[in-house]
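The residues making up each chain are set out below.
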Amino acid sequence: RVSSDGKPPKFQPPPKPVIIDRKTQKEERRFLSPEFIPPRGRTDPLKYYIERKDMIQRRKVFNIPEFYVGHVLAVTTADPYASDKSKRFVGICIQRGGKGLGATFVLRNVIEDQGVEICYELYSPRIQAIEVLKLEKRLDENLMYLRDALPEYSTFDVNMKPVPRMEHEEIPVNKLQVRMKPKPWSKRWERPKYNIKGIKFELPEHKMKAAQKWSQPWLEFDMLREYDTSKIEEKIRKELSEELEK
Amino acid sequence: MRLSVAAAISHGRVYRRLGLSPRSRLDLLRNLVTALVRHERIETPWARADEMRGYAERLIDYAKRGDKDERAMRMADFWLTEKDLIHKLFKVLAPRFQPHPGGYTRLLQIPNRDGLDRAKMAVIELKGNPLPPLVRPRRDSDKTLLNQLLKGYRQDAQRAAAA
């Protein structure tokens, strides 16, 4: 630099390289399928341990991908009455239920103006393939309100191509607010007990206020209802990683 | 149709029904928790003390997180109706129970209440409280088998040492 007084300019060391440790970032975003977490209750943990062993055995043979509610999946099951002996169904996952080997997920689609929901068991040997076509999470954990929404929100092309996705990226959350058919609905989705954020309620103000009458604000402070699964999840994750590496 | 037996089966329900409604049950337990934090030893019907125990211990677990934690402060604000006790909870009780992983309360049954209802009463107290102890641990009497054997062993050892 010109501004130094006769002496050579002070040595500026080069900027230190920023090391992005991809391995640690990968480990932070580990997904544990919800059916592995045992529910609260008085059952013997041995039952869940044995079930987990069977689940891991099945996962070694058949790949169950990571998916959440709101993903669009294509499932091929074995069917003795079909000409190809297999059946393929594409739909949006609206609910994941059950724990252990009986874990299920419900796929919904509208085919020829008829809404169809099929409940599949994740660990059933009849399932031949599960492909994730579109990855996106929604604002809620349970999309049962799609039954009362306009059919356009549940229609998905049966021959849809899988949307390409980069590995190790955040799963995008679709903040879509769904429009509903006129009331009556199968459940009163405006009530606070369902806590639905993904519906664009076009009800009048007084109806929304009347629905708030059923809110239970004390439930948030009821400490005994909380189920802290962090330690259980850690143990199960360790167990899974050990078993799957074998 | 034996309705009475069927009415008594609850099939795994853990929460007792107290008060007039679920809101009233929580308010009742909240008053008891506040009283426990204030006086550190209270005498109530056994059912209420048993329900309250879980909430008191969870409240102390929340307090252990520290008062900077937003959720801990909201819980303490809801559960303690007298706001000067929030300071006591975070500054006195949380450090007192920091080394212990759980079991901060002691529940002991007392003789039934004197009134007409003869209710089963209990005393619930926080461990480490400054009040005089409720139960004095008694040493085993000298006449038990183990103590007699130990006494004999000691006498034999003395005789052997003297000889």
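Residues numbered from 1 in each chain as written. Chains lettered and ligands numbered in written order. Predicted model: local features only at pLDDT ≥ 70, side-chain atom pairs only at ≥ 80, totals over all residues. Heavy atoms only, no water.

### Things to note about the interface of chain B and chain A
Convention followed: What makes two residues a contact is simply this: any of their non-hydrogen atoms within 4.5 Å. Two parts placed together each lose some accessible area under a 1.4 Å probe, and adding up what both lose gives the buried area. Salt bridges are identified by distance alone: a Lys or Arg side-chain nitrogen within 4 Å of an Asp or Glu carboxyl oxygen. Within 3.5 Å is the distance limit for a polar contact, defined as a pair of N or O atoms, with the added protein rule that one can donate a hydrogen and the other accept it, and that residues adjacent in sequence qualify only through two side-chain atoms. Each helix is a run of H or I in the DSSP string that is no shorter than four residues. Each strand is a run of E no shorter than two, and both are numbered from the N terminus.
Between chain B and chain A, the contact holds 15 residues from the first and nine residues from the second. Carbon and sulfur atoms make up 63% of the area that chain B and chain A hide from each other, which totals about 1400 Å². In this assembly, chain B and chain A are joined by two salt bridges. A salt bridge links arginine 74 of chain B to glutamate 220 of chain A, with the shortest nitrogen-to-oxygen separation between them at 2.6 Å. Connecting chain B to chain A are nine residue pairs in polar contact (both at pLDDT 80 or more). Residue assignment for the side of chain B that touches chain A shows that the elements contributing at least two residues are helix H2 (22-39), helix H3 (46-64) and helix H4 (70-79) of chain B.

### A short note on the environment of valine 135 of chain B
As for its position among the elements, valine 135 of chain B is in the loop between strand S3 (121-126) and helix H6 (145-162). Between the C-alpha atoms of valine 135 of chain B and leucine 108 of chain B, which are 27 residues apart in sequence, the distance is 9.4 Å.

### Details of the sheet that holds strand S1 (residues 72-78) of chain A
All names here are of chain A. Cut-off, in case you're wondering: When DSSP finds two or more bridges between a pair of strands, those strands are recorded as paired. Axis lines are fitted through C-alpha atoms, for helices just across the contact stretch, and the angle between N-to-C directions can take any value from 0 to 180 degrees.
A sheet is described by the order of its strands in space; here five strands give the open sequence S4-S3-S2-S1-S5, paired in antiparallel fashion. Each edge of the open sheet carries a strand with a single partner, namely strand S4 (114-121) and strand S5 (127-134). Across this sheet, the average inter-strand angle for adjacent strands is 35°, counted without regard to direction. Bridge analysis of strand S2 (residues 86-97) against strand S3 (residues 104-111) gives five bridges, and the strand direction is antiparallel. If you follow glycine 97 over to S3, its bridge partner there is threonine 104.

### Remarks on the pattern of salt bridges
Residues and elements named next belong to chain B. What counts is decided by this rule: To sort residues, take the accessible area from a 1.4 Å probe on protein chains only and compare it with the maximum for the residue type: under 20% means buried, over 50% means exposed, and anything in between is partly exposed.
Applying the stated criterion across every chain, the model contains 32 salt bridges over all chains. The partner of arginine 23 in a salt bridge is aspartate 27, with the nearest N and O atoms 3.7 Å apart. Taken together, the positions of arginine 23 and aspartate 27, both in helix H2 and four residues apart, correspond to about one turn of that helix. You can call arginine 23 partly exposed: its relative accessible area is 30%. Taking the shortest distance from any N to any O, the salt bridge between aspartate 142 and lysine 151 comes out at 4.0 Å. Residue classification places aspartate 142 among the partly exposed residues on the basis of a relative accessible area of 47%. Several salt bridges converge on common partners, so that one network encompasses Arg16, Arg25, Asp50 and Glu51.

### Brief notes about the sheet that holds S3 of chain B
Strand pairing in a sheet takes place through backbone hydrogen bonds and is either antiparallel or parallel in direction. Residues and elements named next belong to chain B. Read across the sheet, three strands follow the order S1-S3-S2 without closing on themselves; strand pairing throughout is antiparallel. Of all the strands in the sheet, just strand S1 (41-45) and strand S2 (105-110) have a single pairing partner and so form its edges. Ignoring which end each strand starts from, the neighbouring axes of this sheet average 25° apart. Taken together, the five bridges between S1 and S3 define a ladder with antiparallel strand orientation. Note on S3: the bridge partner recorded for isoleucine 42 is isoleucine 124.

### A closer look at the nonpolar core
One broad rule of soluble globular proteins: the nonpolar side chains tend to lie buried together. Where we set the bar: Remark: nonpolar core denotes a set of buried residues (Ala, Val, Leu, Ile, Met, Phe, Trp, Tyr, Cys) joined through side-chain atoms within 4.5 Å.
Ranked by size, the top nonpolar core spans 47 residues in total, and within it Phe105, Tyr145 and Leu146 of chain A carry the most contacts. Every element with two or more residues in this core is listed here: helix H2 (45-61), S1, S2, S3, S5 and helix H4 (230-245) of chain A. With five residues, the single largest contributor to this core is S2 of chain A. In contact with leucine 146 of chain A, other than residues within four places in its own chain, are Ile92, Ile94, Arg108, Tyr153, Ser154 and Val178 of chain A. Ranked by size, the runner-up nonpolar core spans 39 residues in total, among them Leu26, Tyr55, Ala63 and Ala94 of chain B.

### Thoughts on the pairing of S3 of chain B
Residue and element names in this part refer to chain B. Of all six residues in S3, six are buried; the element is thus mostly enclosed. The alternating pattern of S3 places Met121, Val123 and Glu125 and Ala122, Ile124 and Leu126 on opposite faces, both of which are buried. Both S2 and S3 contribute to a ladder of six bridges, which runs antiparallel. Of the residues in S3, the one forming a bridge with isoleucine 110 is methionine 121.

### Section: the packing of H4 of chain B against helix H5 (residues 84-97) of chain B
Residues and elements named next belong to chain B. Here is the rule: Angle categories are assigned with fixed cut-offs, so that under 35 degrees is roughly parallel, over 145 is roughly antiparallel, 65 to 115 is roughly perpendicular, and the rest are oblique. Working rule for handedness: look at the near helix, and if it is turned counterclockwise from the far one by less than a right angle, call the crossing left-handed; if clockwise, right-handed. Under the grouping applied here, Gly and all other residues not named as nonpolar or charged are polar, the nonpolar ones being Ala, Val, Leu, Ile, Met, Phe, Trp, Tyr, Cys and Pro and the charged ones Asp, Glu, Lys and Arg.
Put simply, H4 and H5 touch, their axes get as near as 9 Å, and they point 135° apart. The angle between H4 and H5 places the two elements in the oblique class. Here H4 and H5 pass one another in a crossing that is right-handed. Only Ile86, Leu89 and Phe90 of H5 make contact with H4, whose side of the interface consists of Ala72, Met73, Ala76 and Asp77. Residue classes in the contact of H4 with H5 are distributed as six nonpolar, no polar and one charged.

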